[in-house]
Amino acid sequence: YAVLSDPKKRAQYDQFGTNEFQQRYSREDIFNSADFSDVFKDFGFSGSNFENIFGQMFGGSFGGANRYNSVSGNDLTCDLEVDFLESYFGAQKQIKIPRSNLNIKVTIPRGVATGAKLRIPGKGEQSPYPGGHPGDLYLRINVVEDSYYTRVGDDLEVRLTLGFSDLALGKRVEIETPQGTKNIRVPAGISPGTKLRLRGLGFFHLKTGRRGDLFVVMELSIPKKLSDKQKEAVTKLKDLGL
């Protein structure tokens, strides 16, 4: 009735058809300025009578720009995949709103983790009634795992594999971090599984504003095959108690 009783809307409906018309015009656009008083007069209602009926049904008055303004649209939820370093640094991403052709730019806060939900106000479904507020859009975050970095809470871990002689004698090595290459000293006599801490290189905590740490985990590389000279050297180390 709201479309067909309006000559302009009816012409647009005839031109575009049902699907495209609904994509071009929200329900608020369709019902805006529509007058249902003639319809309800045919059923014996007039004036405040049908206004009271609609007020009881929808919690608002039937008339004016504020009718049904307490009826909000449905919320929408969709999954959003985020790269590992995007979750570390934060990012701007373009997404398509579900059930529409609209694209919006959203901000991914630094430190966000898998399972987090980001609320985008007013980007859910439109209210079915004029004056009602649209629902919200919720983005359910899934952070892609990284082959080099491992997240543990707000901390990061990287694996450093060294041979027996390096662990026994110690050495200086370069470690890749999200904030650039860092040169660290591996102390002599360090055991496999030991963690070296680089402070403040972990994830940003959304509530406290502090960063976690990055831990370098020591691993021992044991060759599967040894040359004759290597076997001889290992045998001598064994004889020396190593």
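For the structure itself, look to the data block above.
Residues numbered from 1 in each chain as written. Predicted model: local features only at pLDDT ≥ 70, side-chain atom pairs only at ≥ 80, totals over all residues. Heavy atoms only, no water.

Enquirer: I'd like to hear about the overall build of the protein, residue by residue, with values.
Expert: If you tally the helices and strands in the protein, you get seven helices and 11 strands. Out of the 242 residues in the protein, the part that is buried amounts to 31%. Sequence separation of at least 24 residues holds for 51% of the intrachain contacts in the protein that already meet a minimum separation of 6. (Helix = DSSP H or I, 4+ residues; strand = E, 2+ residues; numbered from the N terminus. Buried < 20%, exposed > 50% of the residue type's maximum accessible area, 1.4 Å probe, protein only. Contact = heavy atoms within 4.5 Å.)

Enquirer: I'd love a proper account of the pattern of salt bridges, names of residues and values included.
Expert: Two side chains carrying opposite charge are able to pair once their charged atoms lie near each other. One pass over the structure, following the stated rule, counts 10 salt bridges. One salt bridge connects E219 with R159, and the closest N-O pair in it is separated by 3.4 Å. Separated by 60 residues along the polypeptide, E219 in strand 11 (residues 214–220) and R159 in strand 7 (residues 155–162) bring together distant segments of the chain. Judged by its relative accessible area of 29%, E219 is partly exposed. Two residues, E232 and K236, come together in a salt bridge whose shortest N-O distance is 3.7 Å. With E232 and K236 both in helix 7 (residues 228–239) and four residues apart, the pair spans about one turn of that helix. Within the structure, one salt-bridge network assembled from shared partners comprises E157, R159, K195 and E219. (Salt bridge = Lys/Arg side-chain N within 4 Å of Asp/Glu carboxyl O.)

Enquirer: Please provide a residue-by-residue account of the pairing of strand 2 (residues 91–96), values included.
Expert: Only one face of strand 2 is buried: it carries A91, K93 and I95, and the other face, with Q92, Q94 and K96, is open. Where strand 2 lies against strand 3 (residues 103–108), six bridges are found, and the strand directions are antiparallel. In the strand pairing of strand 3, K93 is matched with V106. (Pairing = 2+ DSSP bridges.)

Enquirer: Before we move on, can you summarise helix 7 with the specific residues and values?
Expert: With 12 residues, helix 7 should reach 16 Å at 1.5 Å per residue; the first-to-last C-alpha distance of 17 Å fits that figure. Just downstream of helix 7 lies G241, where phi reads positive at about 90°. (Expected span 1.5 Å × (residues − 1).)

Enquirer: Explain the sheet that holds strand 4 (residues 117–120) residue by residue, including any values.
Expert: One open sheet accounts for three strands, arranged 1-5-4; its pairing is mixed. The strands lining the two open edges of the sheet, one partner per strand, are strand 1 (76–82) and strand 4. For this sheet, the mean angle separating the axes of adjacent strands, direction not counted, is 30°. Examined bridge by bridge, strand 1 and strand 5 (residues 137–143) share seven bridges and lie parallel to one another. Residue pairing across strands places L80 opposite I141, the latter belonging to strand 5. (Axes fitted to C-alpha atoms, helices over the stretch in contact; angles between N-to-C directions.)

Enquirer: Which residues make up the sheet that holds strand 6 (residues 150–152), and what values do they have?
Expert: Spatially, the four strands line up as an open sheet ordered 6-7-11-10, and their pairing is mixed. Whereas interior strands pair on both sides, the edge strands pair on one side only; in this sheet they are strand 6 and strand 10 (195–198). Between one strand and the next, the sheet's axes are offset by a mean angle of 30°, whatever the strand orientation. In this sheet, strand 7 lies alongside strand 6 in antiparallel orientation, the contact comprising three bridges. Counterpart to V152 in the pairing with strand 7 is D155.

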